[in-house]
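# Coordinates in review
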Amino acid sequence: YIRKVVDTVNDFDNVLYEIANESHNRSTEWQYHMITFIHDYERTKPKQHPVMMTYQWPKGSNAPLFESEAEAVSPGKSEIAYRTDPPAATGRKVIITDTDHLWGEGGTPEWVWKSFLRGHNPIFMDRLVQLTGSPVGDIPSAEQIRVAMGQTLTYSRRVNLHRMVPRPDLCSNGYCLADPGTEYLVYLPQGASISVDLESGGAPYTLEWFDPDTGRTLDGERVRGGRHELVAPFKGSAVVY
């Protein structure tokens, strides 16, 4: 069956194999076997695709995901930091942070921005109440989460994303994506001010402020490289590019 699936979709580019969604915590060796099976079989094919291992449930932990040979992982709630202060991605794995694995049902717009600025790929398990007609209704902050997903998507297409990496060391709160010397994207969850270290040399940087709460953009000053204290021109959360 697995060979047939691989044979059928191998010529497509946009394929990501997920072994199982929240399979129980005794499934590790089986999932490892399936990851290896897919990798080995695809080596005989024209194209090779990434494989993802997803958080195990119940009694799961994130360690088996990162110890696997999977190219992508989706961690879960055993590490609360992924909800509140996601660790910076290292590039060793593609990390898909999923509200399903972190809350069950939950999330905040701040979590979306924090995940994005730490090099993760946030996704939202959405009830889509307007489509399903469910009488239950949305979870709190659902619409704000959707808006934040769209905002981060817009910036991901605007910046040269494949050259940018999480650089917590370059700003005082640690939420910074950067291609040092070229472009920086910084998030301020509580707004106010932030200290940012811009590489010296070359042309000055042009600052742009974005207000996630209202969607408005404001032009900032031009600054040379070096350490700068940047003050948000509005209250609430802020993004500076």
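First, a word on scope: everything that follows refers to the structure included in this document. Since this is a predicted model, take the numbers as computed values, not measurements. (Residues numbered from 1 in each chain as written. Predicted model: local features only at pLDDT ≥ 70, side-chain atom pairs only at ≥ 80, totals over all residues. Heavy atoms only, no water.)

### Things to note about the sheet that holds strand β7 (residues 183-188)
Strand order in the open sheet made by the 6 strands is β5-β6-β7-β12-β9-β10, with antiparallel pairing throughout. A strand with exactly one partner marks an edge of an open sheet, and here the two such strands are β5 (165-166) and β10 (217-223). Pairing geometry for strand β9 (residues 205-210) and β10, over 5 bridges, is antiparallel. In the strand pairing of β10, Thr 206 is matched with Arg 222. Those strands touched by helix α6 (residues 109-117) are β5, β6 (176-179), β7, β9 and β12 (238-240), and its axis lies near 150° from that of β7. (Pairing = 2+ DSSP bridges. Helix = DSSP H or I, 4+ residues; strand = E, 2+ residues; numbered from the N terminus. Contact = heavy atoms within 4.5 Å. Axes fitted to C-alpha atoms, helices over the stretch in contact; angles between N-to-C directions.)

### Quick look at the packing of aromatic side chains
What the rule picks out here adds up to 10 aromatic pairs. With a centroid separation of 6.1 Å and 65° between ring planes, the pair formed by Trp 113 and Tyr 155 is classed as edge-to-face. Taken as a pair, Trp 113 in helix α6 and Tyr 155 in helix α8 (residues 142-158) lie far apart in primary sequence, 42 residues in all. Tyr 155 carries the same exposure label as Trp 113, and that label is buried. Measuring from centroid to centroid gives 6.3 Å for Trp 113 and Phe 210, while their planes differ by 45°, and the two rings are tilted. In this pair, Trp 113 is assigned in helix α6 and Phe 210 in strand β9, connecting sequence segments 97 residues apart. By the ring-pair criterion, three or more aromatic residues cluster together here, those being Trp 113, Phe 116, Tyr 155, Tyr 175, Tyr 187, Phe 210 and Tyr 241. Across the ring face of Tyr 41, the terminal group of Arg 3 is positioned such that the distance to the ring centre comes to 6.0 Å. (Phe/Tyr/Trp six-rings, centres within 6.5 Å; stacked < 30°, edge-to-face > 60°. Buried < 20%, exposed > 50% of the residue type's maximum accessible area, 1.4 Å probe, protein only. Lys NZ or Arg CZ within 6 Å of the ring centre and 35° of its normal.)

### Describing the sheet that holds strand β2 (residues 51-54)
The strand order across the open sheet formed by 4 strands is β1-β2-β3-β4, and the pairing between neighbours is parallel. The strands lining the two open edges of the sheet, one partner per strand, are β1 (17-18) and β4 (94-95). Pairing of β1 with β2 involves 2 bridges; the strand directions are parallel. Looking at β2, one finds that Tyr 17 is bridged to Val 51. The sheet contacts of helix α2 (residues 28-42) involve β1 and β2, and relative to β2 the element is tilted by about 175°.

### Some points on the nonpolar core
Within the largest apolar cluster, 38 residues are counted, with the highest numbers of intra-cluster contacts made by Ile 35, Trp 113, Phe 116, Leu 117 and Leu 185. Filtering out sequence-adjacent residues up to four positions away, Leu 185 remains in contact with Phe 116, Leu 117, Tyr 155, Met 164, Tyr 175, Cys 176, Leu 177, Val 239, Val 240 and Tyr 241. Membership of the second largest hydrophobic core comes to 19 residues, among which are Val 186, Val 196, Leu 207 and Ala 238. (Core = buried A, V, L, I, M, F, W, Y, C linked by side-chain atoms within 4.5 Å.)

### As for the state of the cysteines
Think of a disulfide as a covalent bridge from one cysteine sulfur atom to another cysteine sulfur atom. Considering all chains together, one arrives at 0 disulfides under this definition. Not engaged in a disulfide, the cysteine Cys 171 finds its nearest cysteine sulfur in Cys 176; these two sulfurs lie 4.7 Å apart. Using a relative accessible area of 4% as the deciding quantity, one classes Cys 171 as buried. (Disulfide = S-S within 2.5 Å.)

Shape is all these values report; function is a separate question.
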